[in-house]
Amino acid sequence: MGIDSGIVGLAKSGKTTIFNALTKGKAATEDSAPHIGTAKVPEPRLKILADMLHPKRTVPAEARYIDVGAPIKGISGELLTQLSTVDALINVVRAFTDESVPHIEGSLDAERDIATLNLELAFSDLAIIERRLERIETSLKGAKPPERQDLLHEKATLFKIKADLEKDVPIREQRLTTDEGRTITNYQFLTAKPLLIVVNIGEEQLTQAASLESELNSHYSRPRCRVTTLCGKLEMELSQLDDTAAEEFRTNFGMSEAGLERTIKLSYELLDLISFFSIASGEVKAWSIPNGTNALKAAGKIHSDMERGFIRAEVISYDDLIKSGSLAEARKRGLLRLEGKSYPVMDGDIITFLFNV
Ligand SMILES: Nc1nc2c(ncn2[C@@H]2O[C@H](COP(=O)(O)OP(=O)(O)OP(=O)(O)O)[C@@H](O)[C@H]2O)c(=O)[nH]1
Ligand SMILES: [Mg+2]
């Protein structure tokens, strides 16, 4: 399973355009339909490993993007369920000017639109809390002691979160005890998710991108929230070209790093993800896992059999392998380690899992 991000934003802010840019997709932008697609996670070390190990195939990690289409206001049913399962949210905010695309609020104002969407996300969470509180009241009527304790505890936690939400503090910024955090994980609240704000700028604003970005970041650099700029329309067009042509275009226009690579990387940073690599049957694959994942869980990322039948992990760090020049040389130097289930996987580790099912 990959990492899922939900693309949200006000109507006509460029959500589908940016979805297409990220996933090299061709979804129509005329309507407001939902879309799901995947992107390859940029990982420059994968190519260096391929040059050394000459695998038949290299396989990058995948990130999934869900463009929900509908506005958050009034979102319910299947769409809300889908959105509530994502790992992170991307809020697309309009900054481009285009006479032919009327702005939903009548004028351009990125900060106002960011606040509006934050409010809509908070409303969605508050509606869930209200409904749950009503149900708790009903259940409390017939509840016996142990169950009663749990319900009262949940009620108190929900009241605390609700009070902060009403003061404009998203759940991701609230100080919760481990116990309170555990009580609410199942709700998958929208304001509890990390948030990447993507300001969709026009081509003519490219030269101001950096200053706009730092200005917005000074207002919005909050815990687990980041702001970046992206030229949606241009990136979408570039994503349809082959890599060489797109690279050439970027060089000519002085665009250093591909905007969408930066966007994917930022959302990974926000989620505190690291990469590890597996080598098996002639394939080198990159995988994304949360920082701190142990070897057992990392094995499960590749295949549930590997987790179930886990014996040991043979591990070498990326730097050690590069210094050695080959796996054989690294083995000779004794740089391959055998690690057990609880070994915390490090960014760049190259791992072969030994398992038995
Ligand atoms: N000039 C310009 N137009 C853009 C840009 N991004 C999006 N558009 C245009 O704005 C319109 C809306 O873009 P979409 O990507 O469909 O926006 P959306 O947020 O998915 O819209 P809904 O799903 O209907 O809410 C389309 O006509 C796009 O071509 C941009 O960076 N520059
Ligand atoms: Mg759309």
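Cut-offs and rules
- Residues numbered from 1 in each chain as written.
- Chains lettered and ligands numbered in written order.
- Predicted model: local features only at pLDDT ≥ 70, side-chain atom pairs only at ≥ 80, totals over all residues.
- Heavy atoms only, no water.
- Core = buried A, V, L, I, M, F, W, Y, C linked by side-chain atoms within 4.5 Å.
- Buried < 20%, exposed > 50% of the residue type's maximum accessible area, 1.4 Å probe, protein only.
- Helix = DSSP H or I, 4+ residues; strand = E, 2+ residues; numbered from the N terminus.
- Contact = heavy atoms within 4.5 Å.
- Expected span 1.5 Å × (residues − 1).
- Polar contact = N/O pair within 3.5 Å; in protein donor to acceptor, adjacent residues only side chain to side chain.
- Pairing = 2+ DSSP bridges.
- Phe/Tyr/Trp six-rings, centres within 6.5 Å; stacked < 30°, edge-to-face > 60°.
- Arc of directions from axis to C-beta.
- Near = heavy atom within 4 Å.
- Nonpolar A, V, L, I, M, F, W, Y, C, P; charged D, E, K, R; others polar.
- Salt bridge = Lys/Arg side-chain N within 4 Å of Asp/Glu carboxyl O.
- Axes fitted to C-alpha atoms, helices over the stretch in contact; angles between N-to-C directions.

## A short note on the nonpolar core
Here is step 1: Among the nonpolar cores identified, the biggest contains 46 residues, and Leu83, Leu89, Leu158, Phe189 and Ile197 are the most heavily contacted of them.
Here is step 2: Those elements that provide at least two residues to this core are helix H3 (77-84), strand E5 (88-94), helix H4 (110-142), helix H5 (145-166), strand E6 (195-200), helix H7 (209-220), strand E7 (225-230) and helix H8 (232-239).
Here is step 3: Not counting residues up to four positions away in its chain, the partners in contact with leucine 89 are Gly6, Val8, Leu83, Leu121, Leu190, Lys193, Pro194, Leu195 and Leu196.
Here is step 4: Counting 24 residues, the second largest nonpolar core, distinct from the first, contains Ala88, Leu196, Leu230 and Leu273.

## Looking at H4
Here is step 1: With 33 residues, H4 ought to run about 48 Å at 1.5 Å a step, and its terminal C-alpha atoms sit 50 Å apart, in line with that.
Here is step 2: Its side-chain oxygen placed 3.3 Å from the backbone nitrogen of glutamate 111, aspartate 109 serves as the N-cap of H4.

## Focus on the side chain of threonine 16
Here is step 1: Topologically, threonine 16 is positioned in helix H1 (residues 15-23).
Here is step 2: A relative accessible area of 10% means that threonine 16 is categorised as buried.
Here is step 3: Among residues more than four places away in sequence, those in contact with threonine 16 are Ala27, Ala28, Thr29, His35 and Asp67.

## Let's talk about the pairing of strand E4 (residues 62-67)
Here is step 1: Here strand E1 (residues 3-9) pairs with E4 via 5 bridges, running parallel. Its bridge partner being in E4, isoleucine 3 is matched across the sheet by alanine 63.
Here is step 2: Sheet analysis places strand E2 (residues 35-40) next to E4, joined by 6 bridges and oriented antiparallel. Its bridge partner being in E4, alanine 39 is matched across the sheet by alanine 63.

## With respect to the packing of aromatic side chains
Here is step 1: One pass over the full model with this rule turns up 4 aromatic pairs.
Here is step 2: Geometrically, the ring pair formed by tyrosine 187 and phenylalanine 189 is stacked, given 5.2 Å between the ring centres and 25 degrees between the ring planes. Both residues of the pair, tyrosine 187 and phenylalanine 189, count as buried.
Here is step 3: Ring plane angle 20 degrees and centroid distance 6.5 Å describe the contact between phenylalanine 276 and tryptophan 287, whose orientation is recorded as stacked. Of this pair, phenylalanine 276 sits in strand E8 (residues 273-280) while tryptophan 287 sits in strand E9 (residues 283-290); the two residues are 11 residues apart in sequence, bridging distant segments of the chain. Each member of the pair, phenylalanine 276 together with tryptophan 287, is buried.

## Let's talk about H3
Here is step 1: Residues of H3 that are buried: Leu80, Leu83 and Ser84. Looking straight down H3, one finds that the buried residues subtend no more than 100 degrees of arc, so they occupy a single side.

## Structural notes on the site of ligand 1
Here is step 1: By nearness alone, 18 residues border ligand 1, and Lys12, Lys15, Thr16, Thr17 and Ser32 come closest of all.
Here is step 2: At 2.8 Å from an oxygen atom of ligand 1 is found a side-chain nitrogen or oxygen belonging to lysine 15.
Here is step 3: A distance of 3.1 Å separates a nitrogen atom of ligand 1 from a polar atom in the side chain of asparagine 200.
Here is step 4: Among the elements of the structure, H1 and H8 are those that each provide at least two residues to the shell around ligand 1.
Here is step 5: When residues in the shell around ligand 1 are grouped by element, the largest group, 3 residues, is from H1.
Here is step 6: Per-class residue counts for the shell around ligand 1 are 4 nonpolar, 9 polar and 5 charged.

## Some thoughts on unusual backbone geometry
Here is step 1: The residue lysine 24 is not glycine, and still its phi comes out positive at about 50 degrees.
Here is step 2: By the element assignment, lysine 24 lies in the loop between H1 and E2.
Here is step 3: Notably, aspartate 272 is not glycine yet its phi reads approximately 55 degrees, a positive angle.
Here is step 4: By the element assignment, aspartate 272 lies in the loop between helix H10 (259-270) and E8.

## So, the pattern of salt bridges
Here is step 1: All chains considered together, the criterion is met by 25 salt bridges.
Here is step 2: With its nearest N and O atoms 2.9 Å apart, the salt bridge here joins arginine 64 to aspartate 4. In this pair, arginine 64 is assigned in strand E4 and aspartate 4 in strand E1, connecting sequence segments 60 residues apart.
Here is step 3: Among the residues examined, aspartate 4 registers a relative accessible area of 10% and is labelled buried.
Here is step 4: Between aspartate 320 and lysine 323 there is a salt bridge whose closest N-O contact spans 3.7 Å.

## Quick notes on the sheet that holds E2
Here is step 1: Sheet architecture is open: 6 strands sit in the order E2-E4-E1-E5-E6-E7, paired in mixed fashion. A single partner strand is all that each edge strand has here, and the edge strands are E2 and E7. Each strand of the sheet is rotated relative to its neighbour by a mean of 25 degrees, with strand direction disregarded.
Here is step 2: This element, H1, spans E1, E2, E4, E5, E6 and E7 of the sheet and lies at about 35 degrees to E2.
Here is step 3: Where H10 meets the sheet, it contacts E1, E2, E4, E6 and E7, and its direction lies at approximately 175 degrees from that of E7.

## Quick notes on the sheet that holds strand E3 (residues 57-59)
Here is step 1: A sheet is described by the order of its strands in space; here 6 strands give the open sequence E3-E9-E8-E12-E10-E11, paired in mixed fashion. The open sheet has two edge strands, E3 and strand E11 (337-339), and neither has a second partner. Put simply, the sheet's adjacent strands are angled 30 degrees from each other on average, direction ignored.
Here is step 2: Where E3 meets E9, 3 bridges bridge the pair, whose relative direction is parallel. Paired with arginine 57 across the two strands is glutamate 283, which belongs to E9.
Here is step 3: Lying over the sheet, helix H11 (residues 295-302) contacts E8, E9, strand E10 (310-316) and strand E12 (350-355), oriented at roughly 125 degrees with respect to E9.

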